[in-house]
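One letter stands for each residue in the lines below.
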Amino acid sequence: MSAEVLVVGSGASGVNAAFPLVEAGHRVTLVDFGNTDRTYAPLIPHQPFTEVRQGDARQHRYFLGDQFEGVPFGKIRVGAQLTPPRMHISADTARWMPLDSNTFTPTESLAVGGLAAGWGAGAFPFDAHELEGLPFTHADLAPHYDTVAERVGVSGDRDDLLPFLGDSQAMQPPLDIDSNAEAVLSRYQRKREKLNAAGFFMGKARLAVCSRPHRGRDGHAYRDMEFWADTDRSVYRPQWTLEELKRFPNFRYLDRRFVLSFSERDGGGVSLLARHADTGADERHDAHALVLAAGTLGTARIVLRSLGRYGERVPLVCNPYTYVPMVNLGMLGKAPRDRRHSLTQLEVVYHPKDGVGMHGQLYSYRSLLMFKLLKEAPLPLREGVQVMQLLMPLVNILGIHHEDSPGPGKSVALHRGADGAPDRLEVRYEPAAEEERAQSDGERALLRHFLGLGCVPLKRIRPGHGSSIHYAGTFPMREGGGPLTVDGDCRLHGTRNVYLADGSVFPKLPSKGLTFTMMANADRVGTRLARRLQGGHV
Ligand SMILES: Cc1cc2nc3c(=O)[nH]c(=O)nc-3n(C[C@H](O)[C@H](O)[C@H](O)COP(=O)(O)OP(=O)(O)OC[C@H]3O[C@@H](n4cnc5c(N)ncnc54)[C@H](O)[C@@H]3O)c2cc1C
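Residues numbered from 1 in each chain as written. Predicted model: local features only at pLDDT ≥ 70, side-chain atom pairs only at ≥ 80, totals over all residues. Heavy atoms only, no water.

(A) Looking closely at unusual backbone geometry. In the Ramachandran plot, R215 falls in the positive-phi region, its phi being about 45° despite a non-glycine side chain. Examined against the element boundaries, R215 turns out to sit in the loop between β4 (200–204) and α9 (238–246). We classify R215 as partly exposed; its relative accessible area is 33%. Even without being glycine, D419 reaches a positive phi, approximately 50°. Among the structural elements, D419 can be located in the loop between β16 (410–415) and β17 (424–429). Take D419: its relative accessible area is 84%, and that puts it in the exposed class. (Helix = DSSP H or I, 4+ residues; strand = E, 2+ residues; numbered from the N terminus. Buried < 20%, exposed > 50% of the residue type's maximum accessible area, 1.4 Å probe, protein only.)

The structure is reproduced here in structure tokens:
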């Protein structure tokens with residue numbers, strides 16, 4: 001099959017850009033590196049966490065890893081949430097996509113499904129204000145939010161967060177929250193008026209998870225195994241969309257390819273240069289148009305290399321992230337329910353009148369196992385185990401995301417690899433001191449509200465820049481924006497038929513995960529490209 005469109009990457013953005021093109025009947029080839037886990041996934045029983053812990057003799061293999069790779073020795077690492085069955089997600093990146101930085105530690109992916117093969121599934125539409133400055137309006141994106149919500153399966157409530165997260169016809173009922181979250185939410189409801197007046201709003205998490213059967217996937221089964229397995233397939237992974245795409249005769253999936261660069265041919269059309277991951281042979285693939293969705297940093301490498309812009313700095317944004325273990329006094333004397341999930345339970349939007357806004361995700365702690373917490377506790381091991389056993393049902397973790405805008409200290413540049421070695425991406429991420437001060441002050445104010453809800457913060461942990469795993473802003477979307485930007489269709493400036501569909505195109509980030517919005521925009525990019533193809537404009 002000769003392709004009309006080549007899409008690079010099978011992550012959240014790639015598959016959602018490909019879908020409308022394939023549905024419209026266009027011949028699409030998706031080129032991907034495509035790592036998968038074949039070691040651990042087949043070992044994990046379709047059972048709840050407690051039964052697995054009590055009954056599976058092989059659990060040490062996937063909980064700790066055959067090489068103990070699930071035990072985070074030393075300092076807390078970025079990506080520490082990636083358990084052994086998820087570690088294939090970042091495999092091979094150091095070799096194929098080397099990166100230099102002493103200020104930024106990103107997690108990148110060469111996996112089928114990309115980073116969303118292990119994401120937390122928090123699905124947050126941006127509101128009209130957050131999309132301001134882009135060459136399209138919220139109303140233009142709204143139908144794509146709905147399409148994607150239906151495609152990926154989104155669950156949520158119409159509660160105090162509705163004004164911030166918007167509504168969708170496709171929204172399924174929310175997942176049930178656990179006992180820990182119930183205790184916090186009921187205290188919030190008692191103090192709601194006062195908290196809302198201070199800009200603090202709480203509700204059930206909006207998640208890309210099916211709470212009932214949907215598109216061949218099961219509704220969530222409350223096995224509390226989300227960090228380890230996808231047994232009920234209720235949590236959205238781009239692999240589910242890839243499976244649907246593979247059923248179309250006009251779609252082809254080409255894995256084990258590492259894309260190096262593109263060039264536009266004089267007579268029209270685009271050529272892609274890719275290296276076979278196993279043989280090392282270079283290949284050329286041709287099509288009328290190209291959609292790059294290799295992840296913000298992956299796409300930056302391909303674009304800068306293709307345009308020969310070595311050494312040139314382009315902007316980068318990434319949500320600053322802090323997490324806070326807390327003790328929930330509302331759980332004192334209560335036995336936690338076993339039936340639960342390990343994703344975000346409650347979401348908090350904090351917009352104080354005279355400070356910076358932020359979003360918080362509240363998790364309870366169990367299925368990531370005690371040894372990770374124990375490592376952070378300032379106690380000798382034996383006493384630590386005893387204290388933690390008592391404390392664990394009371395522990396919740398608040399993840400705080402801050403907004404981010406471009407600044408002089410935040411950029412990436414590509415440098416040519418020496419003697420045939422891969423090119424190296426250099427990242428500088430040094431926010432201004434006042435940005436960090438405002439974030440820290442805001443966190444303190446937010447935690448005072450949590451104290452009022454019976455949650456006692458133990459310590460604030462900043463795992464380092466890059467740890468939110470929300471990367472964007474390298475080729476910002478700007479009508480008439482000039483070199484190294486994209487237009488309203490996300491077409492790369494100076495090219496005829498090269499489009500970017502991942503986080504690269506968002507100039508700034510509000511204080512929430514970008515992935516749901518990125519998927520909606522990818523659907524918009526694919527839909528608009530399909531129309532251009534139909535109109536013969538490509
Ligand atoms: C643990 C974790 C939790 C997260 N939680 C959330 C959350 O709750 N909410 C949220 O909004 N976001 C979350 N994120 C972030 C989210 O996963 C990412 O924003 C999103 O998955 C990025 O998708 P992408 O398609 O742009 O890129 P990626 O996921 O990076 O995918 C890139 C794809 O391109 C392929 N590729 C890359 N380079 C090449 C190349 N040169 N040649 C061939 N193929 C290539 C890879 O194989 C991969 O398929 C989380 C991430 C992690 C890791």
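(B) Examining the site of the ligand more closely. Around the ligand lies a shell of 33 residues, among which S13, D32, L115, V259 and T515 are the nearest. D32 places a polar side-chain atom, nitrogen or oxygen, 2.7 Å from an oxygen atom of the ligand. Contact distances for the ligand include 3.5 Å between a nitrogen atom and a side-chain N or O atom of H470. When its residues are assigned to classes, the shell around the ligand shows 16 nonpolar, 14 polar and 3 charged. (Near = heavy atom within 4 Å. Polar contact = N/O pair within 3.5 Å; in protein donor to acceptor, adjacent residues only side chain to side chain. Nonpolar A, V, L, I, M, F, W, Y, C, P; charged D, E, K, R; others polar.)

(C) Focus on the sheet that holds β16. Taken together, 4 strands build an open sheet; the order of strands is β3-β17-β16-β10 and the sheet is mixed. Two strands in the sheet have a free side with no partner beyond their single neighbour: β3 (99–100) and β10 (314–315). The pairing of β16 with β17 spans 6 bridges and is classified as antiparallel. Across the sheet, residue V412 finds its bridge partner in β17, namely V427. Across the face of the sheet, helix α10 (residues 296–306) comes into contact with β3, β10, β16 and β17 while running at roughly 50° to β16. (Pairing = 2+ DSSP bridges. Contact = heavy atoms within 4.5 Å. Axes fitted to C-alpha atoms, helices over the stretch in contact; angles between N-to-C directions.)

Any functional reading would require information beyond the geometric quantities listed.
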